[in-house]
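Overview (structure and organization)
Spelled out from the first residue to the last, the chains are:
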Amino acid sequence: MAEPDTSRLERLSGVLKRRGVLLPAFEIHGGAKGLYDFGPVGGRLRNRVNQTWLNHWLSLGNIVEISCPTVTPYAVLEASGHVGEFSDFMTVCGSCEEASRADTLLESFHSNPDSLTKEQLQSLLDQSQPPCPACQGIEWSEITAQNLMFNTTIGAGSSGRPGFLRPETAQGMFTSFSALYRHNRERLPFGAIQVGKGYRNEISPRQGMIRLREFNMAELEYFINPHEEAGHDFTPWSEQQITLIADGQGEIQMSFKDAVEQNVIRHATVGYFMAQTFDFLVKVGIDAQRLRFRQHEADEMAHYASDCWDAEIHGSYGWVECVGIAHRGCYDLESHEKATGKSLRARREFAEPQVIETDGWTINGATAGPVFRASAGAVKAAVEALPSTTSFPQMLTLESGEQVTVEPEHVKRDQRTETITGEWYIPHVVEPAFGIDRIIWHILDHAYDETGKDGEEYTVMRLSENVAPVDYCVFPLFEKDGMGELAQSIHRTLCSKQNLVSMYDSSGSIGRRYARADEIGVPKCITVDHQSLEDQTVTIRDRDSGEQHRVDIDSL
RNA sequence: GCGGAUAUGGUGUAGUGGUAACAUAGGAGGUUUCCAACCUCUUGUCGCGGGUUCGACUCCCGCUAUCCGCACCA
């Protein structure tokens, strides 16, 4: 692997800033850490990547797009576990003032300090006095909770409710489950996708686009019935060898199909979405040779997850996690169900209806109720536990220890046959979560090519046509004899077409204009020359080959 | 969050206690029959806030941001 080339990184960042792709946000006010603008070129690029992502998943046929608020009530994120998970308990060294995480300090004093409450951590810290990793001091300040989510108040004054800016889009998909389930005619599997902003108040954002405080994310929540075999078709990827870093096996090369069959990938749906993710990333211009999937080790995974893989892309910052694909079990829906008491379940019918025969006794409410009053419920439970052969009157000892005599008129025979045709279950979820900014960074990183054209420095952004921010540049060879007017009219015709962006450029020599177009990755340049005026044809130049061919204006 | 370095046109750099230079880029015009050519004209800059000083881009302090280590990264 090549050494990180920092000067290439600097030149790339320079191009991105100069050409309006990525810029530090609010720079005239001094800038803000971890916040970036997508400029006039980058904004379009981001949109194209988002659109390609949406189309990629919508094409599967059972996936719908939704959009949920970024402002999220406290209770939602408390139920999801984020309030707990996103809090770090910090303590500060008394001698060198270095801040440390309390659970990290206490790792050698407890098997799982992450699971302790703030109070437990405090008392363990006081007892064990771990040395400061920076200065070996053992004096520690009181533990404080630091939350990595942005706090806000929803509403004003005393009626305001606490809330957060969402740290991920996923919770909206879970809280909307009932609407999604109904929309999908109450049939699983189905998925919901959403692209949008997420927020994490990182202590120390670094490395440009890699760790941001506000970021673009795209998530799919795919709801499945755990009682059903997944049955995915992996033949489209059968020739494709993928680099996998499997838990305990190191780096291996194999196809998705083999990985699933050999249980390296532990769930077929996870494998299927890994394959789909691979296709998406290649589609938007990620170099397949610099893409790998890394499995989370057992202790790295959230406790409820059964398998989790990260798609990692190699670029100027080394290998960076850009997509996480996790089998989350029923954790999320169950958490919201517990917190709200609302059912977030799907129905499955049994292959064979279950017949339950009941033969026993129950109380006659009209007679037993007035007699036993407050104990009537307990009497009912005791009577229903009796075998059908019991005869009355009968002395019973209730759970409370109270003794009662149940007379024949207090009871009636209960003989029923119940047929249960199915059950309500909590669906399982497979979640591919994409860090769009990180992917865009790597698209640019992989596309950025410094060629030594005629011994001079020359840069080309070899962006995929699927995501290129500008589709066409239209140039008049010279702005005279009507060439400018013809080029303008072609430019406007192209712009009026859906999902097409064209740029008109007439300043500077033709070579300079090609160079400008190459630098922002315009795939095709159209040039109007003298011949165009005579026979209504133009030349089209291909960015990567530099070759030109002549076509009719009407065929554009 | 801690330590170190840095901050000058759009970009990359030079430089000075008396308000700034070079390259490149941008605009207008000219020239040119297709890959950053050339000529003329032109636009635009000392991160922010204090202090010292007659005067601060320059010296001092604070802040912010960037880069590099350390720590952190569900």
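Whatever comes next refers back to the structure up there.
Residues numbered from 1 in each chain as written. Chains lettered and ligands numbered in written order. Predicted model: local features only at pLDDT ≥ 70, side-chain atom pairs only at ≥ 80, totals over all residues. Heavy atoms only, no water.

1. Considerations on the sheet that holds strand β14 (residues 291-295)
Note the following rule: In short, DSSP must find at least two bridges between two strands for them to pair. Comment: elements are numbered from the N terminus, with helices defined as DSSP H or I runs of at least four residues and strands as E runs of at least two. Lines fitted to C-alpha atoms define the axes, with helix axes restricted to the stretch in contact, and inter-axis angles between N-to-C directions lie between 0 and 180 degrees. Should any heavy atoms of two residues lie within 4.5 Å, those residues are considered in contact.
Pairing is mixed in the open sheet, where 9 strands are placed in the order β3-β10-β11-β21-β16-β15-β14-β12-β13. Strand pairing shows two members of the sheet lacking a second neighbour, β3 (63-65) and β13 (250-254), which therefore form its edges. Adjacent strand axes in the sheet meet at a mean angle of 25° when their direction is disregarded. As defined by bridge partners, β3 adjoins strand β10 (residues 190-199) across 3 bridges and the pair is classed as parallel. In the strand pairing of β10, Glu65 is matched with Ile193. Contacts from helix α2 (residues 42-58) reach β3, β10, β11 (214-224) and β21 (428-435), with the element oriented near 160° to β10.

2. Digging into the protein's contact with RNA strand B
Definition in use: The rule for a residue being near a molecule or strand is that one of its heavy atoms must lie within 4 Å of it. Residues adjacent in sequence count toward polar contacts only when both atoms are side-chain atoms; beyond that, a polar contact is any pair of N or O atoms within 3.5 Å, and within protein one must be able to donate a hydrogen and the other to accept it. Following the grouping adopted for this structure description, the nonpolar residues are Ala, Val, Leu, Ile, Met, Phe, Trp, Tyr, Cys and Pro, the charged ones are Asp, Glu, Lys and Arg, and the polar ones are all others, Gly among them.
Around RNA strand B there are 38 residues in total, and Arg101, Arg200, Arg512, Tyr514 and Arg516 lie nearest to it. Considering the 4 Å shell around the protein, atoms of RNA strand B inside it are sugar or phosphate in 47% of instances. One of the side-chain N or O atoms of Ser509 is found 3.2 Å from a phosphate oxygen in RNA strand B. Taking Thr539, its side chain carries an N or O atom lying 2.9 Å from a base nitrogen of RNA strand B. Residue assignment for the surface near RNA strand B shows that the elements contributing at least two residues are α1 (6-18), β23 (456-461), α16 (510-519) and β27 (537-542). Its residues assigned to classes, the surface near RNA strand B comprises 9 nonpolar, 13 polar and 16 charged.

3. So, the pairing of strand β24 (residues 472-476)
To keep it simple, the criterion reads: Three exposure classes are used, based on accessible area relative to the maximum for each residue type with a 1.4 Å probe and protein chains only: buried under 20%, partly exposed in between, and exposed over 50%. Whether a crossover is right-handed depends on one test, that the path from the first strand over the helix to the second runs clockwise when the strands point away from the viewer.
With 4 of 5 residues buried, β24 lies mostly within the body of the structure. Both β24 and strand β25 (residues 502-504) contribute to a ladder of 3 bridges, which runs parallel. Note on β25: the bridge partner recorded for Val474 is Tyr504. In this fold, β24 hands off to helix α15 (residues 483-495), which returns the chain to β25; that crossover is right-handed.

4. Quick notes on the layout of surface pockets
Stated formally: Of the two site types, the cavity is a set of points on a 1 Å grid over the protein atoms alone where a 1.4 Å probe fits but cannot get out, and the pocket is an open set with protein on both sides within 12 Å along at least five of seven lines, each lined by residues with an atom within 4 Å of a point. Grid points are joined across faces, edges and corners, and a volume is the space filled by probe spheres set on the points.
Approximately 360 Å³ is the volume found for the second largest pocket. Going through the elements one at a time, β11 and α10 (268-283) are the ones with two or more residues in the lining of the second largest pocket. In terms of residue count, the dominant contributor to the lining of the second largest pocket is α10 (4 residues). Grouping the constituent residues of the lining of the second largest pocket by class yields 9 nonpolar, 8 polar and 2 charged.

5. Quick notes on the sheet that holds β24
One open sheet accounts for 5 strands, arranged β25-β24-β26-β27-β28; its pairing is mixed. Edge positions in the sheet fall to β25 and β28 (548-552), since each has one partner strand and no second. Recorded for the sheet is a direction-independent mean angle of 30° between the axes of neighbouring strands. Across the sheet, α15 is in contact with β24, β25, β26 (524-528) and β27; its angle to β24 comes to roughly 165°.

6. Observations regarding α10
The condition that has to hold: A helix's residues, less one, multiplied by 1.5 Å, set its expected span.
Taking 1.5 Å per residue, 16 residues should reach 22 Å; α10 reaches 23 Å between its end C-alpha atoms and fits that length. Most of α10 sits inside the fold, with 12 of its 16 residues counted as buried. Listing the buried residues of α10 in full gives Thr269, Val270, Gly271, Tyr272, Phe273, Met274, Ala275, Gln276, Thr277, Phe278, Phe280 and Leu281. Among the residues trailing α10, Gly285 stands out with phi positive, at a value near 110°.

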